[in-house]
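# Close look at the chain arrangement
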Amino acid sequence: MSTSSRRICLLYIFFLSNLVMTLGMQCSGIRPSFRFDCYPETGSNQQNCNKRGCCWLPPPRNDRVLEGVPFCFYPRDFPSYRMDSLKQTDFGYSLNLTRTTKSYYEKDVMQLQMDVYYETAQRLHFKIYDPKVKRYEVPITTPKVAKRAPLTEYNVQFSKSPLGILVTRAKDSTVLFNSSVSTLIFSDQFLQISTSLSTQFIYGLGEHRGRFRLSSDWKTYSMWARDQPPKVGANLYGSHPFYLNLEGSSGRSHGVFLLNSNAMEVAIQPAPALTYRSIGGILDFYIFLGPGPDEVIQQYTEVIGHPFMPPYWGLGFHLCRWGYGSANKTLAVVKKMKAAGIPQDTQWSDIEYAVGRKDFTFNNNTYAELPDLIQYCHANGMHFIPIVDPAISSTQAPGTYSPYDAGIVGDVFVKNSSGKPLVGKVWPGETVFPDFFNEKTKSWWFDQIKDFHAQIHFDGIWIDMNEPSSFVDGSVDGCADTLFDNPPYTPSILDGKLSAKTICASATHCIGRHYDLHNLYGYSEAVATNSALVKVREKRSFVISRSTYPGSGKYAGHWLGDNYSLWPDMAYSIAGIMSFSLFGIPLVGADICGFNLNTSEELCQRWMQLGAFYPFSRNHNTLGSKDQDPTAFSDDMQSSTRKALNLRYALLPYIYTLFHFAHVKGSTVARPLFFEFPDDSKLYDVDRQFMLGPAVVITPVLEEGATAVNGTFPKGRWYNIVQGNYFRVNNTEIVELKADPSEINVHLREGFILAMQYNSTETTTTAFRQSLFTIVVGVSDDGNGKGELYWDDGDSLETYESEKYLSVVFTSSKCSLNSKILHNNYPGSNEMNIGSILLMGVLNKPSSVKLNDTSVMFHYDTNIQNLSIGNLDVPLQYDFLLEWL
């Protein structure tokens, strides 16, 4: 070795020694739970770690306590941005941020701007972006404010160097967001920011399969819409970068939303803290102060859009399968359901109805009678929904398939990097993909739906495969070798590449790259489909979409995808529907009895009981599996299904009212128990039960062979809504409930009043809506109770906005029940009558009962302490007062 070479080697060793010594001082004492990963890619080693200027400290071998802790983590003084200036603005503050040392990712944005908006008393908005170069931002309209809210429930502080934003609750100084826990990186294709969490009780960040409460034990949740049957650890159909964080014994909670649609991952660690890593766009955050969990969701949906109001019939039971074989066989199942007296409102058709599985066609051989099937449904108060995929067949001869021909003429398809329509493969074979961000595409899509509706009079549309899914990665020609298709960093998604089972990230839409817009594709199709249906039918839209993004609930509902006929899949569905309630998509459910594999009678029986109370209730299975509609099973199974669905239909006035509140203020429909009891930590992990609104608890059997089920119940009386008896809980406890195969446990919470419609002979919402009402009261210890009913014609557009509705509020005290009309401009209110009143939990038999000061006959059941008044014909459109002594 030459002298000069030896000198260089010694200098390098000296440099490394000093670097290690310096890092040692900056790395020592950082607790494992506070180590933020500096090398999230695979291939981490000491050399790569030290090149980034980070700490390297692998745990002792076989040390399970430190399992998941990053070996390579940031030192305390890792270079970041500093705040150069802070100025007050009309809306809050504006900060200039500067980085003097480049990070380890290419194309750092060295100067940033942070705008902080004090939008409302409970909503803070801040965004970090490049002030010199316009970057992609999510093309969703959100509320804009010009002036700072005069009073807020939060305080905001900034640290200068390194830059940090600290958001606390003004009431008790709880930390809601603190970015100073780790470094900020903002390069062209890698954006990273971290924050502490108030507690480890965090929920949201979808779409994924798992427990409702997210694990904070070094778990990473990735978001890149993908056609993937649900499994734990996978990025699934939608992207929802929103979380709810409980704040502990105070019972308060807050939410955080990152408005970013690029591929991303969120890593949660036990500090507790989390780190966002996105590969594009800007950092655009909203923080919602609640303080109640449902109030957080209401504030969130004020930003992304309140959910659409579904038609009443859409809340009935839906039935589908892939594999009926023909329209006549489908009709035979519909008739069997009706003959068995099992409620059904809507029949669906999967892709087999179409010619060669092509959109906007129906097979004139096997499905020639499809118009007759639909006519039968309509004549019997039912409805029909077909599946429509976004991908359009592209291989047929010119002039033989008008959707493709018109699309080519209108230039409505997504382009490849060469500027030609990108060709993938979906069910029809080679296909092209509509660019729903293009106004021309929306017009073309409307034309297709209008023309198809002229052939078959469907009532809603099921949009599937809209991640978008493709059976070839990227396209039939592959993808170009670009930084969009092969970015410097790829989040931890399945298969490790953006093009897996979808189209190329370098593909172009009229407003930008698929790289930025991929996670919005299903959302954009839902917007176009909803609009087209409203124009064509001039009634409320009913769209169910597989891929979703924040704001999708304004246009569509969701089902949880291609699940399996397995007991764990049924159990996981509860966490799934509660998560989508957080995401502002209350119309949600799983494929009842499972989509893939063959179900068993016991599993399907228990799943029908549970699914009868999903907000969106549909039984659906796949090609080649055995029939699983209720009539395919024994009389006992049919009987239990009939009983469960009859109870659902009886509860629909209450459920419909919940959807009204979701529509007008963004409240949830299905919700976890802690939403109603937020200061009760025993409920924070409960995800094998759920509530419908504030009043009803569902406790299903989720295990094979079980004839009893454990449920967690907070303090109070809980009434079995079918049997009328109740149990009392003094402090939150686990209660063992009998659960015969024919029963599901549905309980009414004390202090709540429901307007219900019982009918044991009818099978559609059309008929059920004509039934007499029963007012059901779950009497509380102090006698106080409340309930509401919202009612309109169930199908017309904007009935609330045009004030064509009935609104009733019910209240009770120790010995009285009062009904008060808040609003009545519903033309059919004169046909709405109360046939009976049931008061559960009246401790002593009264001597007299009066309705509007007139004595009425009554019955008192001593065994279960129920007071019932029947044979009534009381107009619901007028106030009434019931008293008992």
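From N to C terminus, the protein chain includes 13 helices and 52 strands. The dimensions of the protein chain, computed from C-alpha atoms along their principal axes, are 110 × 70 × 55 Å. Expressed as a percentage of its 885 residues, the buried residues of the protein chain come to 62%. Of note, the protein chain has its 77 positive side-chain charges centred 6 Å away from the centre of its 87 negative side-chain charges.

Volume-wise, the largest pocket comes out at about 500 Å³. Along the walls of the largest pocket sit 29 residues, with Pro40, Thr220, Glu265, Arg277 and Tyr489 positioned nearest its centre. Broken down by secondary-structure element, the contributors of at least two residues to the lining of the largest pocket are β11 (190–196), β13 (219–223), β16 (264–269) and β17 (273–278). Considering every element that reaches the lining of the largest pocket, the biggest residue donor is β16, with four residues. Counted by class, the lining of the largest pocket contains twelve nonpolar, eleven polar and six charged residues.

Our next topic: the side chain of Thr142. Its location among the elements puts Thr142 in the loop between β6 (123–129) and β7 (154–159). Within the local environment of Thr142, its side chain forms a polar contact with the side chain of Tyr286, the two groups lying 3.2 Å apart. Not counting chain neighbours up to four residues away, the residues in contact with Thr142 comprise Leu259, Tyr286 and Val303.

Turning next to the nonpolar core. Among the nonpolar cores identified, the biggest contains 206 residues, and Phe613, Phe690, Leu692, Ile837 and Leu839 are the most heavily contacted of them. The leading source of residues in this core is helix α12 (residues 635–665), at 14 residues. Residues in contact with Phe613, not counting those within four places in the same chain, are Ala644, Leu647, Arg648, Leu651, Phe690, Leu692, Ile698, Ile744 and Val746. In terms of nonpolar packing, the next biggest core, distinct from the first, is built from 42 residues, Leu176, Leu258, Ile268 and Leu283 among them.

Read from one edge to the other, the open sheet built from three strands follows the order β22-β24-β23, with strand pairing classed as antiparallel. Looking at which strands have only one partner, the edges of the open sheet turn out to be β22 (392–393) and β23 (424–426). Where β22 meets strand β24 (residues 429–432), two bridges bridge the pair, whose relative direction is antiparallel. Residue pairing for β24: Ile392 is matched across the bridge by Val432.

Further remarks concern empty space enclosed by the protein. According to the stated counting rule, one finds eight cavities of 30 Å³ or more in the structure shown. Estimates place the volume of the largest cavity at around 210 Å³. Around the largest cavity, the lining comprises 20 residues; the ones closest to its centre are His208, Arg209, Leu560, Tyr572 and Gly576. Within the lining of the largest cavity, the residues separate by chemical class into nine nonpolar, seven polar and four charged. Of the volumes computed, that of the second largest cavity is approximately 60 Å³. Surrounding the second largest cavity, Tyr105, Glu106, Lys107, Ser187, Asp188, Gln189, Phe190, Leu483 and Pro488 form its lining.

Counting buried residues along β17, six of its six residues qualify, which places the element largely inside the surrounding structure. Across the two faces of β17 the burial is the same, with Ala273, Thr275 and Arg277 and Leu274, Tyr276 and Ser278 all buried. Where β11 lies against β17, six bridges are found, and the strand directions are antiparallel. Note on β17: the bridge partner recorded for Leu191 is Ser278. Pairing geometry for β16 and β17, over six bridges, is antiparallel. The residue bridging Ile268 from the neighbouring strand is Leu274, located in β17.

Before going further, it helps to examine the packing of aromatic side chains. Enumeration according to the criterion identifies 58 aromatic pairs in this entry. Between the aromatic rings of Phe413 and Trp444, the centroid separation amounts to 5.7 Å while the plane-to-plane angle is 80°, which identifies the pairing as edge-to-face. Pair noted here: Phe413 is in the loop between α6 (402–410) and β23 and Trp444 is in helix α7 (residues 439–455), with a separation of 31 residues, a long-range link. Side by side, Phe413 and Trp444 carry an identical accessibility label, which is buried. The interplanar angle of 50° and the centroid separation of 5.0 Å between the aromatic rings of Tyr719 and Tyr726 together place this pair among those described as tilted. Taken together, the ring pairs in this structure connect Tyr353, Phe360, Tyr404, Phe413, Phe436, Trp444, Trp445, Phe452, Phe458 and Tyr521 into an aromatic cluster. In this arrangement the basic side chain of Arg52 is found over the ring face of Tyr39, its NZ or CZ atom lying 4.0 Å from the centre. Above the ring of Phe446, the side-chain terminus of Lys535 is found at 5.5 Å from the ring centroid.

Inspection of α6 places Pro403, Tyr404 and Gly407 among the buried residues, and these make up the whole buried set. Viewed end-on, α6 has its buried residues packed into an arc of 95°, placing them on one side of the element. Opposite its buried face, α6 presents the exposed residues Ser402 and Val409, each directed more than 90 degrees away. Tucked into the core, α6 has its buried residues touching β22, β24 and α7. Asp411 lies just past α6 and shows a positive phi near 55°.

All right, on to the packing of helix α11 (residues 601–611) against α12 then. Look at α11 against α12: their axes get within 8 Å of each other, and the N-to-C directions meet at 10°. By the angle between their axes, α11 is roughly parallel relative to α12. On the side of α11, the interface is formed by Glu601, Cys604, Gln605, Met608, Gln609 and Gly611, while α12 contributes Asp636, Met637, Ser640, Thr641, Ala644, Leu645 and Arg648. Each residue belonging to the contact of α11 with α12 can be placed in one class, and the counts come to five nonpolar, five polar and three charged.

Along the polypeptide, Lys738 turns up in strand β39 (residues 733–738). Through-space distance from the C-alpha of Lys738 to that of Ala708 is 4.5 Å; in sequence the pair is 30 residues apart. Apart from residues no more than four positions distant in its own chain, Lys738 is found in contact with Thr707, Ala708 and Asn745.

Here we take up the pattern of salt bridges. Applying the stated rule across the entire model yields 33 salt bridges. Residues Arg749 and Glu676 are paired through a salt bridge, measuring 3.0 Å at the closest nitrogen-oxygen approach. With Arg749 in strand β40 (residues 745–749) and Glu676 in the loop between β33 (670–671) and β34 (690–692), the pair connects residues that are 73 residues apart, well separated along the chain. Counted as one network, the salt bridges with shared partners bring together Asp227, Asp464, Glu467, Arg546 and Asp562.

In this chain, Ser161 is followed by Pro162 through a cis amide linkage whose omega measures 0°. Inspection of the secondary structure assignment puts Pro162 in the loop between β7 and β8 (164–169). Omega for the bond connecting Gly206 with Glu207 falls within 30 degrees of zero, at 10°, which places this linkage in the cis form. Positionally, Glu207 belongs in the loop between β12 (202–206) and β13. Backbone geometry at Asp495 places phi at a positive 70°, although glycine is not the residue there. Assignment of secondary structure puts Asp495 in the loop between β25 (461–463) and β26 (508–509).

Rules used throughout
Residues numbered from 1 in each chain as written. Predicted model: local features only at pLDDT ≥ 70, side-chain atom pairs only at ≥ 80, totals over all residues. Heavy atoms only, no water. Helix = DSSP H or I, 4+ residues; strand = E, 2+ residues; numbered from the N terminus. Buried < 20%, exposed > 50% of the residue type's maximum accessible area, 1.4 Å probe, protein only. Lys, Arg positive; Asp, Glu negative; His and termini not counted. Charge placed at Lys NZ, Arg CZ, Asp CG, Glu CD. 1 Å grid on protein atoms, 1.4 Å probe; cavity = no way out; pocket = protein on both sides within 12 Å on 5 of 7 lines; lining within 4 Å. Points joined across faces, edges and corners; volume = space filled by probe spheres on them. Nonpolar A, V, L, I, M, F, W, Y, C, P; charged D, E, K, R; others polar. Polar contact = N/O pair within 3.5 Å; in protein donor to acceptor, adjacent residues only side chain to side chain. Contact = heavy atoms within 4.5 Å. Core = buried A, V, L, I, M, F, W, Y, C linked by side-chain atoms within 4.5 Å. Pairing = 2+ DSSP bridges. Phe/Tyr/Trp six-rings, centres within 6.5 Å; stacked < 30°, edge-to-face > 60°. Lys NZ or Arg CZ within 6 Å of the ring centre and 35° of its normal. Arc of directions from axis to C-beta. Axes fitted to C-alpha atoms, helices over the stretch in contact; angles between N-to-C directions. Parallel < 35°, antiparallel > 145°, perpendicular 65-115°, else oblique. Salt bridge = Lys/Arg side-chain N within 4 Å of Asp/Glu carboxyl O.

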